[in-house]
Amino acid sequence: MSQMEWLLFCRGCPSRHGWTHQSRVDALSRCARAALFMGSPCHLLFEDRTLLTLEPDFIGEDGPWVCADAYSERCFAELLENLLQGAQLHGAKWRVPTTLSGCIAEVLESSRFAAPLPPFELLLDFREKGHPLLGQHSVSLPTSAAKAAAATMLQPLPRTLCIIGGVRDVFPSEEQAIETACRELWAARCTISLGPVPELTSKCIKVIGALRAGGCLDAAVRRCLVISASSRKSRGAGEHSIARYSPFTDRTRHARPLSLRPPLHVVVRTSKKLCEFVLCPSVATLLVDVFLASGDINRTTLLTLMDAEGAALTLHVMRRCLAESDALENLQLQLRRARRADLQQVLLDGQRLLHSDVRQLRVLHADESQPPLVPPRVVATPSSALSPSVAVVFWNGGTADPIAAATVSSACSALGVQAYARASVGGLKLGPAFVGVLHNSGLLVPTLCTQPPPQVQCPTVSKSQLLARTVGRTAATAEGVPSIGYCLGSPKPNRSWLHTCSPIPRGAVWPLRGAQATAAVASTKISAAPINPALTHPSSVPTEARGNTSTGVACCAEDVARLAAKDSPVSQECLDSSKDRSVAASTEAPSSECSEHAEELEERTPEPSATADVSC
């Protein structure tokens, strides 16, 4: 994996006015946390040339920003104040170079001298009008450029510095200083874009982290470099000039308003209690990743928080959530709206709130045990038809859990969703930002195209059908007459769930209703009688009897009993066969698949009914 560092241009003048003056500590906290979590050093350059470098050792159990406080914004602000007062903190370095070019040079060169690292050979400049890093295969390339892209696609990236504006754009003077430093260090520079929608800086860092963890970043950047070189050659520009938006880039990609984006529902299920989970600072960051873009709000987005006890809280359009304290306070106020609901009900209610059909829903289960989610090669073109909505389920942070996979799959099958998939998206730390950026760029919907597995339904049986089968077995298994299983040349039938679950002895007759209540039902002692060879031949048995349906079993049993009665002087009483033959055929439910007692089954009509099924 290539070595990567981040350079953020931030607002404020901390060396002059402290951290309370235009510094946006909330954004600094989210950006630093995202970069350090992926193991990348982070350089924060402010307007007064204050340069703060944070190493990965700054965060974690052994660092000043300990995980016991869940990496909260409040703890980060206290550490910054200590640095300003001259404190020495492990993994943090604070200095104020005299010139802007000195700041850039120190970032590019100082880390080389501190550790035996190679120099930066690549600078990635994040711009809204840069080369598209995702869905870039719609860009046409000359034949020579396409061959060059294919040849370098699998090569790992060199040591890379990512340059991005933190809560502000890069000033022209800063851009000129970067370009001058690139010429002196002979480092390549390329501008890239993460989509048509402007995103928060912390979300952009998380997207790069998710692509890097999934092994998709190197090939995407290599293609951008080929596009950049091709565009420079067509313009006749110098080698180290900034690669702007290429003329080969697809000009039909317009920034669509977020209000026209397909709906998105993010479901997070936690093992903690809901009242405890909403107090975690990570939930405040989750609100920002789900609902906010740069200067805009995702209005067609829902976030549902669930716990193991069945409590669920659905949130919509959270406005005051940039500051951690505001987000946690808002969550406490929303907690009284929590309800009892399972995953299936949560998805159904979400579609109702988003005014979308559940049959148009596509579900992604974020499972880190699965292969990574790979963005499609081409951005999906918006159609005039109704766009499908997407739901992304994070179950216990995305950890591998067979029970969770079965639960999500069963809920999707029961709802009849349009598509269902399982993939790794970086867990709960990177995943919500990653899928949100993909969705805003039109790259998430075409990724989810696999139909959900069919719902496994329990076989059903009516009481009248059980009665016909019981009477048939009673007559067929009388003394001296082989059972229907032997007549068909098949193994002895297994015991049904009727005899397993019921206290009534095997072979007993169920109580009858209506006109059948007065009919006498009795076991008959039948003497041995010759068996008709036609009955023993499988081909002479009707299709219904070979299928082992209850109607075929009852009719065949009555024929055997009638043949035996011709040679037997013993009289017997039978039920009205015309009523028994009117019973519709059904499949016998095995004992391991049904838990309902036969006494609780409602009597069915001969016509099949979808609402009369007994579900397991």
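Residues numbered from 1 in each chain as written. Predicted model: local features only at pLDDT ≥ 70, side-chain atom pairs only at ≥ 80, totals over all residues. Heavy atoms only, no water.

## Side note on the environment of Lys272
As a reminder of what qualifies: For the purposes of this entry, the term helix denotes a DSSP run of H or I that reaches at least four residues, the term strand denotes a run of E that reaches at least two, and both are numbered from the N terminus. Summary of the burial criterion: residues with accessible area below 20% of their type's maximum are buried, those above 50% are exposed, and those between are partly exposed, where the area comes from a 1.4 Å probe applied to protein chains only. Contacts between residues were defined by any pair of non-hydrogen atoms, one from each residue, lying within 4.5 Å.
Among the structural elements, Lys272 can be located in the loop between strand E8 (264–269) and helix H9 (274–277). The class for Lys272 is partly exposed, based on a relative accessible area of 41%. Along the primary structure Lys272 and Asn396 are separated by 124 residues, whereas in three dimensions their C-alpha atoms are 9.1 Å apart. Excluding anything up to four places from it in sequence, Lys272 contacts Phe277, Cys280, Asp307 and Ala308.

## Quick look at helix H13 (residues 402–415)
Selection criterion: For a helix, the expected span equals 1.5 Å multiplied by the number of residues minus one. Distance and chemistry together define a polar contact, namely a pair of N or O atoms within 3.5 Å, with one atom able to donate a hydrogen and the other to accept it when in protein, and with adjacent residues in sequence counting only for side-chain atoms on both sides.
Spanning 14 residues, H13 covers 20 Å between terminal C-alpha atoms, matching the ideal 20 Å at 1.5 Å per step. Residues of H13 that are buried include every one of Ala404, Ala405, Val408, Ser409, Ala411, Cys412, Ser413 and Leu415, and no others. Taken together, the buried residues of H13 touch helix H12 (343–353), strand E14 (361–366), strand E15 (389–395) and strand E16 (419–423). Where H13 begins, the side chain of Asp401 points an oxygen toward the backbone nitrogen of Ile403, at a separation of 3.1 Å.

## Comments concerning the pattern of salt bridges
The test is simple: By convention in these notes, a salt bridge is any Lys or Arg side-chain nitrogen within 4 Å of a carboxyl oxygen on Asp or Glu.
Applying the stated criterion across every chain, the model contains 16 salt bridges. A salt bridge links Glu78 to Arg74, with the nearest nitrogen and oxygen atoms 3.4 Å apart. Pair noted here: Glu78 and Arg74 are both in helix H3 (residues 73–84), with a separation of 4 residues, about one helical turn. Here Glu78 falls in the partly exposed class, since its relative accessible area comes to 42%. A salt bridge links Asp125 to Arg189; the nearest nitrogen and oxygen atoms lie 2.7 Å apart.

By themselves, these observations are geometric and do not establish any function.
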